[in-house]
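# Summary of structural features
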Amino acid sequence: MPETAASAPQARPFRASIMQIEPQWIDYNGHLNMAYYNVMFDRAIDQLWAELGIGPAYMKERLGSTFTAECHVRYLREIHLGDPVQILVWLLEADDKRLHTFEEMRHASEGWLSATSENMSLHMDMNSRKVAPFPPDISERIAAVTKAHSAVARPEGIGRNVAMPSKR
């Protein structure tokens, strides 16, 4: 059972709560330090995981969790102290053990894109600390959200890799 009262998934990305940047996260360049982009992306994923029923209560009661296996962050525009942030999350694909997500960090009131994060998460059996299939009830919820998110236009940047620009 999801940890929050979730209705049927809608054909739009998941919208995390609006977040504020904490003063200690600002680096000597006067903007959000790169490490804290990941903190904010992780907080947004935690909100989606709670909707899917795989948050802290799932770990405690069913001894399952997720671990991030891969992450690719793009820093596109500086964000500063006082800027409200909202993260949108697409659940792009899933199988019995993995979740592929894409996140956009946007200025919450002006809408511009600050950063993206693409991730592969693995479902873990916390008793064995090994990758394991999701339980059927969770798989059904994940499939419903993945289907709903597939009806939404895909954001730019999915599947990007790190490389030097080619010289032609």
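Since the model is a prediction, treat every value here as computed from it, not as a measurement.

Here the focus is the confidence of the model for the protein chain. Any segment with low pLDDT has predicted coordinates that should not be analysed in fine detail. With 96% of its residues at a pLDDT of 70 or more, the protein chain has an overall mean of 94. Every residue in residues 1-5 is under pLDDT 50, and counting partners more than four places away or in other chains gives 16 contacts.

All right, on to the nonpolar core then. In this structure, Met-40, Leu-52, Ile-54, Ile-87 and Met-105 are the most contacted members of the largest nonpolar core, which totals 30 residues. By residue number, the principal contributor to this core is helix α1 (residues 34-52), which donates eight residues. With five residues, the next largest nonpolar core counts Leu-88, Trp-90, Leu-92 and Val-152 among its residues.

This brings us to the packing of aromatic side chains. Overall, the coordinates contain three aromatic pairs when judged by the stated rule. A ring pair is formed by Trp-25 and Tyr-36, whose centres lie 5.1 Å apart and whose planes are at 10°; its orientation type is stacked. In this pair, Trp-25 sits in the loop between β2 (19-20) and α1 while Tyr-36 sits in helix α1, placing the two residues eleven residues apart along the sequence. The class of Trp-25 is buried, set by a relative accessible area of 4%. For Tyr-36, a relative accessible area of 27% puts it in the partly exposed group. Aromatic pair Tyr-37 and Tyr-75: ring centres 5.0 Å apart, planes at 80°, arrangement edge-to-face. Here Tyr-75 lies in strand β3 (residues 64-75) and Tyr-37 lies in helix α1, a separation of 38 residues in the sequence.

A separate point is the pattern of salt bridges. Oppositely charged side chains are able to pair whenever their charged atoms sit close together. Under the definition given, this model contains six salt bridges. Measuring nitrogen to oxygen at the nearest pair gives 2.4 Å for the salt bridge that ties Arg-98 to Asp-95. In this structure, Arg-106 engages Glu-104 in a salt bridge whose closest nitrogen and oxygen atoms are separated by 2.9 Å. Judged by relative accessible area, Arg-106 falls into the partly exposed class, the value being 24%. Owing to a relative accessible area of 6%, Glu-104 belongs among the buried residues under this scheme. One network of salt bridges, in which partners are shared, links Arg-74, Glu-156 and Arg-160.

The next thing to look at is the environment of Pro-13. Within the secondary structure, Pro-13 is located in the segment before β1 (14-15). Distance from Pro-13 to Val-89, taken between C-alpha atoms, is 5.4 Å for residues 76 residues apart in sequence. Setting aside residues no more than four positions away along its own chain, Pro-13 makes contact with Leu-88, Val-89, Trp-90, His-149 and Val-152.

In terms of residue burial, strand β5 (residues 98-107) counts as a mostly covered element, since eight of its ten residues are buried. Pairing of strand β4 (residues 84-94) with β5, which is carried by nine bridges, proceeds in the antiparallel orientation. Bridge pairing in β5 links Leu-91 to Thr-101. Between β4 and β5, which pair antiparallel in sequence order, lie three residues. Examined bridge by bridge, β5 and strand β6 (residues 113-125) share nine bridges and lie antiparallel to one another. When the sheet's bridge partners are listed, Leu-99 is paired in β6 with Ser-121. With antiparallel pairing between neighbouring strands as the criterion, β5 and β6 make up a hairpin whose turn holds five residues, including Gly-111 at a positive phi of roughly 85°.

Here Asn-119 shows up in strand β6. Residue class for Asn-119 comes out buried when judged on its relative accessible area of 9%. Within the local environment of Asn-119, its side chain forms a polar contact with the side chain of Glu-103, the two groups lying 2.7 Å apart. Only 3.0 Å separates the side chain of Asn-119 from the side chain of Ser-117, close enough to count as a polar contact.

Rules behind the numbers
Residues numbered from 1 in each chain as written. Predicted model: local features only at pLDDT ≥ 70, side-chain atom pairs only at ≥ 80, totals over all residues. Heavy atoms only, no water. pLDDT = per-residue confidence, 0-100. Contact = heavy atoms within 4.5 Å. Core = buried A, V, L, I, M, F, W, Y, C linked by side-chain atoms within 4.5 Å. Buried < 20%, exposed > 50% of the residue type's maximum accessible area, 1.4 Å probe, protein only. Helix = DSSP H or I, 4+ residues; strand = E, 2+ residues; numbered from the N terminus. Phe/Tyr/Trp six-rings, centres within 6.5 Å; stacked < 30°, edge-to-face > 60°. Salt bridge = Lys/Arg side-chain N within 4 Å of Asp/Glu carboxyl O. Pairing = 2+ DSSP bridges. Polar contact = N/O pair within 3.5 Å; in protein donor to acceptor, adjacent residues only side chain to side chain.

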